[in-house]
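Geometric and topological summary
Single-letter residue listing:
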Amino acid sequence: MSANPTAPDPNRFPWQELANYATPMDIAWNFSYDIDNEKLRTLYSKAKQNQWDAEQHLDWSIEIDPSQPIVGEDRFMFHRAPFFQRMSKTQRETFVAHATCQMLSQFLHGEQGALMTAAAVTHAAPDYEAKLYSASQTFDEARHVEVYERYVRKLGVVYPISPWLKDLIDVTLSSRSFAKTMIGMNMVIEGLALAAFHNMRRQATCPLLRSLTGYVLQDESRHVAFGHLYLSQTIAQMHPDEREDLAQFAFDAIKGMIDATGGVDGSQPPKPNPGFLLVLERSGITLADFLKGMQEAGGLGIQQQLPPGQIHSMRDLMMPALVRVGAITPRTRELYAAAGIPIFEDIRVLEQMERGILTPGSQGA
Ligand SMILES: [Fe+2]
Ligand SMILES: [Fe+2]
C-alpha cells in the first residue's frame, strides 16, 4: 500500500494521464468458418478437454512459510558458485527464498503479458481455427495469472517485473502483426517459460507449487505447439520480404533478451534489474560482491552448466522452435553468428515437451 493515499499507485494503469487511451487494432473478420488446418482443430479440442480449475484441482490450504526456501537450492545456478557456498546457511536460505519469490513474480507478470498477447492473437489472426485456439489459450493464461497471483500473495512479496521482460512483451504487443506477436510470445517467451516451469516443478519442495506448476506446464506445452502449427503455415505463405522482417524481429527479440541478461555465456554484466537488486539487498549481499562472485563463477564455467535434468530454454526450446518454424533465414543466421549467438537445431526436447512427455503423470513427474 502506498504511504501517501493520494499518490498514484505505480502498479496501476495511469488512467488519469490517458484520457484518450486508444487501442488501434486491425479488424480480422473471417466469415467462412472453414477449418483448413485439422491439427489446429485437434489442438483446440485438446485445450477444451484439458481445462482445469484452480479452486477445485489445487489444495490452497497448504501452508507456506515464506522465510523458508520453497525450492531446492540447486534450482539456482548460483548454487555451485564458490561465493554462494561461502555464505552462511541462513544467508543462503534467505537469498534462495527471495530469489524464488522474484522468479515467481516474473512468472506472474509474464502470464499477464501472455494473457494480453493471446487475446491479441485471437483478435488479429485471420484464420477461424486460429481464433478458436487462441481464445482457449487466452483462458489458459487467465488461469495462470490467477494461480501465480494467489501463490505469490501467499509468499507476501511481489517483486517488480524485470525491465527486459517488460520490454520484450511491450515490443511483442505493439508489433501490430499477429505473426510477430506469436514469435515473441509462443516462441521466445513461452520457450523461456516452458523451461522455467519444467525446472521449477522438478526442484520445488512445496507440494502446492509443484502441483500448480504442473498444471500450467501442461497448458504451456500446448501453447508452444500452437506456435509451431500456426506459424509454420503462416511463414510458409509469406512474401520473402515479410519473412525477412519477421526473422529480423525474432533476432532482435533474442539479442535484446541475451544482452539484458548477461550475454550468451553469462559473462557480461546484466542490465540493472530493480527486482533483483532488492533480492540482494534483502539477503544482505552487495551488488559489488555479487558481481565479483559471478565473475569468479564465470571463470570456472559454472554458469554454463545446468543442474542435471534441467532444460535450457535457448538450447532446447527457443532456438530449435524458431528454426523449425522457418523464422531464421540465411540472412539472419549471419546476424546470429556475428553476435556470437549459437543456433541450436535439435528439436527432441521441444517435441517431447509438446507431446506432454515431460508433464505430470509421465517420466518427468
Ligand atoms: Fe501461461
Ligand atoms: Fe502460455
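The structure contained in this document is the topic of the report that follows. The structure presented is a predicted model; accordingly, all values stated were derived computationally and were not measured.

The rules behind each value
Residues numbered from 1 in each chain as written. Chains lettered and ligands numbered in written order. Predicted model: local features only at pLDDT ≥ 70, side-chain atom pairs only at ≥ 80, totals over all residues. Heavy atoms only, no water. Helix = DSSP H or I, 4+ residues; strand = E, 2+ residues; numbered from the N terminus. Buried < 20%, exposed > 50% of the residue type's maximum accessible area, 1.4 Å probe, protein only. Areas by Shrake-Rupley, 256 points an atom, 1.4 Å probe, with all protein chains shown as cover. Expected span 1.5 Å × (residues − 1). Contact = heavy atoms within 4.5 Å. Phe/Tyr/Trp six-rings, centres within 6.5 Å; stacked < 30°, edge-to-face > 60°. Lys NZ or Arg CZ within 6 Å of the ring centre and 35° of its normal. Core = buried A, V, L, I, M, F, W, Y, C linked by side-chain atoms within 4.5 Å. Donors = N, O, S within 2.8 Å, 3.2 Å for Na, K, Ca; no water. Tetrahedral: all angles 85-135°; square planar, octahedral: opposite > 155°, others 65-115°. Patch = residues over 30% accessible without salt bridge, like charges linked within 9 Å, V, L, I, M, F, W, Y side chains within 5 Å. Salt bridge = Lys/Arg side-chain N within 4 Å of Asp/Glu carboxyl O. Arc of directions from axis to C-beta.

1. A look at the overall build of the chain
Per the secondary structure count, the chain includes 14 helices and 0 strands. Ordered by position from the N terminus, the helices and strands of the chain form the series α-α-α-α-α-α-α-α-α-α-α-α-α-α. The buried share of the chain, reckoned over its 365 residues, is 47%. Put simply, the chain shows about 17700 Å² of open surface, and 55% of that area lies on carbon and sulfur atoms.

2. Considering helix α9 (residues 240-260)
The terminal C-alpha atoms of α9 lie 30 Å apart, and with 21 residues this matches the ideal 30 Å at 1.5 Å per residue to within 8%. Considered for burial, the residues of α9 that qualify are L246, A247, F249, A250, F251, A253, I254, M257, I258 and A260. Contacts made by the buried residues of α9 are with α6 (163-173), α7 (178-203), α8 (207-236), α12 (313-325) and α13 (330-338). Count one or two residues on from α9 and you reach G262, which has phi positive near 105 degrees.

3. Some thoughts on the packing of aromatic side chains
Throughout the structure, instances matching the rule amount to 14 aromatic pairs. A ring pair is formed by Y33 and Y128, whose centres lie 5.3 Å apart and whose planes are at 85 degrees; its orientation type is edge-to-face. Of this pair, Y33 sits in the segment before α1 (38-49) while Y128 sits in helix α5 (residues 128-155), and the two are 95 residues apart along the sequence. Their ring planes at 10 degrees and their centres at 5.8 Å tell us that F226 and Y230 sit as a pair that is stacked. Here Y230 and F226 lie together in helix α8, a separation of 4 residues that amounts to about one turn. You'll find F226 and Y230 in the same group, each marked buried. Grouped by ring-pair contacts, the aromatic residues F83, F84, F95, F276 and F290 constitute a single cluster. A cation over an aromatic ring shows up here: R143 above the ring of W52, its NZ or CZ 4.6 Å from the ring centre. The ring of F139 has R143 lying over it, and the distance from NZ or CZ to the ring centre is 5.2 Å.

4. Quick look at the nonpolar core
In this structure, L104, Y151, I254 and L322 are the most contacted members of the largest nonpolar core, which totals 98 residues. Looking at which element gives the most residues to this core, the answer is α7, with 14 residues. Other than its neighbours up to four places away in sequence, I254 contacts V188, M314, M318, M319, L322, Y336 and I341.

5. Some words on the coordination of the iron ion (ligand 2)
On the protein side, the iron ion (ligand 2) has E141 (OE), E190 (OE), E220 (OE) and H223 (ND1) as donor atoms, found 2.0 to 2.2 Å from it. Between the 4 donor atoms coordinating the iron ion (ligand 2), the angles at the centre fall across 90 to 163 degrees, so the site counts as irregular. Going along the chain, you hit the donors of the iron ion (ligand 2) in the pattern E-x48-E-x29-E-x2-H. A separation of 3.2 Å is found between the iron ion (ligand 2) and the iron ion (ligand 1), which are bridged by E141. Here E141 is found in helix α5, whereas its partner E190 is found in helix α7, with 49 residues between them in sequence. In this pair, the class of E141 matches that of E190, namely buried.

6. What to know about the coordination of the iron ion (ligand 1)
Listed as protein donors to the iron ion (ligand 1) are E111 (OE), E111 (OE), E141 (OE), H144 (ND1) and E220 (OE); their distances from the metal cover 1.8 to 2.7 Å. Mapping the donors of the iron ion (ligand 1) onto the primary sequence gives the spacing E-x29-E-x2-H-x75-E. Looking at E111, the relative accessible area reads 2%, which means it is buried.

7. As for a nonpolar patch on the surface
Side chains of I27, W29, F31 and Y33 sit close together on the surface and give an oily, nonpolar patch of about 580 Å² of accessible area. Along the chain, the position of F31 falls in the segment before α1.

8. Brief notes about unusual backbone geometry
Look at Y33: it is not a glycine, yet its phi comes out positive at around 55 degrees. Positive phi, close to 55 degrees, is recorded for R176, a residue that is not glycine. Residue position: R176 is located in the loop between α6 and α7. Look at R176 and you get exposed, because its relative accessible area is 55%.

9. A word on the pattern of salt bridges
Side-chain pairing between opposite charges can occur once the charged atoms of the two side chains come close. As enumerated under the stated definition, the model contains 18 salt bridges in all. One salt bridge connects K166 with D170, and the closest N-O pair in it is separated by 2.7 Å. Highlighted residues: K166 and D170, both in helix α6, separated by 4 residues, approximately one helical turn. K166 gets classed as partly exposed once you look at its relative accessible area, which sits at 40%. K180 is the salt-bridge partner of D245, the closest N and O atoms lying 2.8 Å from each other. Of this pair, D245 sits in helix α9 while K180 sits in helix α7, and the two are 65 residues apart along the sequence.

10. What to know about α6
Among the residues of α6, those classed as buried are L165, L168, I169 and T172. All buried residues of α6 lie within an arc of 95 degrees about the axis, which places them on one face of the element. Each element contacted by the buried residues of α6 is listed here: α4 (89-124), α7 and α9.

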